[in-house]
Amino acid sequence: MNVQSKNCTDEIIQKMPACDSWQQRLQTSAAVAPDFETLPCVFDLPRIPEINNIDQWQNLRKEYLSLYHKYVFGSVPPAPDNLESQILLSKEVNDLHIDRILLSFGPQNKAELNIEIIRPKGKGPFPVFLTQPFHKRWAIKAVERGYVACIYNGDDFKDDTKAYRSIWPDCDWSALTRRAFSASRSIDYLFTLDFIDKNKIAIIGHSRNGKQV
């Protein structure tokens, strides 16, 4: 890495928001930390039990998925049925139409999510390219190819989902899961638009947002 690229990398890292501390997560989720001193040390991965038929595999798969949801995804609230939208900005730029929209939902509509929709001229219906602000350049390329771009604030630089922890205090979800939840709310809104091809919605992300995809 040359000096210039390293300085750029350092600058990006400095601008990134700090990760949640362990103690802060315990407080906001009302979780109880285990007694780490009493936990056994396991140096090898556990052996997968011998599987002889499809029923054994289905039971084991269910168990592993349950553990993954518990320790990686955490608990998630049901999809809200009170989604509301407010257009903050609507403008034409060259041959594109751009809307910036504020979605609200959840308890007393306290949860908010900013999205930006960029679409080409025409009635559609158009396929959708769904992603986060960090990948807006990808979204613009998709619009050039006939897609509607829907960009939702759910990445390390623009993340509206942090407030969801206090709005749903009983959920111990991670940033990964909150962002996936927000992508779903974006799709809920897209389903209300007549120029959207509801059978052709693609979502893309990178790194952690690739996992939430």
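Here the structure is a predicted model, which means the values were calculated and not measured.

## Structural notes on the nonpolar core
Okay, step 1: Counting residues in each nonpolar core, the largest one holds 25 residues, and the members touching the most others are F105, I115, I117, Y164 and W168.
Okay, step 2: Listed by contribution, the elements that provide at least two residues to this core are β2 (96–105), β3 (111–120), β4 (126–131), β5 (148–152), α5 (164–167) and α6 (175–190).
Okay, step 3: Counting residues in each nonpolar core, the second largest holds eight residues, with I98, A139, A149 and I151 among its members.

## Remarks on the side chain of H97
Okay, step 1: Here H97 shows up in strand β2.
Okay, step 2: Given a relative accessible area of 14%, H97 falls into the buried group.
Okay, step 3: A polar side-chain atom of H97 sits 3.1 Å from a polar atom in the side chain of S90.
Okay, step 4: H97 has contacts with S90, K91, E92, I117, I118 and R119, leaving out every residue within four places of it along the chain.

## As for helix α4 (residues 136–144)
Okay, step 1: Turning to α4, its buried residues are A139, A142 and V143. Summarising the axial view, the buried residues of α4 lie within an arc of 100 degrees, below the 170-degree limit, and thus occupy one face. What points out from α4, more than 90 degrees from its buried face, is the exposed set R137 and E144.
Okay, step 2: Of the surrounding elements, those touching the buried residues of α4 are β2, β3, β4 and β5.
Okay, step 3: Note on α4: the residue one or two positions beyond its end, G146, has a positive phi of about 100 degrees.

## Remarks on the environment of N209
Okay, step 1: Locating N209 in the fold gives a position in helix α7 (residues 208–212).
Okay, step 2: Along the backbone, N209 and R179 are 30 residues apart, and their C-alpha atoms lie at a distance of 7.8 Å.
Okay, step 3: Discounting residues that sit within four places of it in the chain, N209 has contacts with Q132, G154, D155 and R179.

## Quick word on the pattern of salt bridges
Should the charged atoms of two oppositely charged side chains come close, the side chains can pair.
Okay, step 1: Evaluated as defined, the whole model comprises seven salt bridges.
Okay, step 2: Salt-bridge contacts for K141 lead to E144; the nearest nitrogen and oxygen are separated by 3.8 Å. Of this pair, K141 and E144 both sit in helix α4, three residues apart, which is roughly one turn of that helix.
Okay, step 3: The class of E144 is exposed, set by a relative accessible area of 57%.
Okay, step 4: Of the charged contacts in the structure, one is a salt bridge between D156 and R208, with a shortest N-O distance of 2.6 Å. Of this pair, D156 sits in the loop between β5 and α5 while R208 sits in helix α7, placing them 52 residues apart in sequence.
Okay, step 5: Under the relative-accessibility criterion, D156 is labelled partly exposed at 23%.
Okay, step 6: Through salt bridges with shared partners, a single ionic network connects D156, D159, R179 and R208.

Conventions and cut-offs
- Residues numbered from 1 in each chain as written.
- Predicted model: local features only at pLDDT ≥ 70, side-chain atom pairs only at ≥ 80, totals over all residues.
- Heavy atoms only, no water.
- Core = buried A, V, L, I, M, F, W, Y, C linked by side-chain atoms within 4.5 Å.
- Buried < 20%, exposed > 50% of the residue type's maximum accessible area, 1.4 Å probe, protein only.
- Helix = DSSP H or I, 4+ residues; strand = E, 2+ residues; numbered from the N terminus.
- Polar contact = N/O pair within 3.5 Å; in protein donor to acceptor, adjacent residues only side chain to side chain.
- Contact = heavy atoms within 4.5 Å.
- Arc of directions from axis to C-beta.
- Salt bridge = Lys/Arg side-chain N within 4 Å of Asp/Glu carboxyl O.

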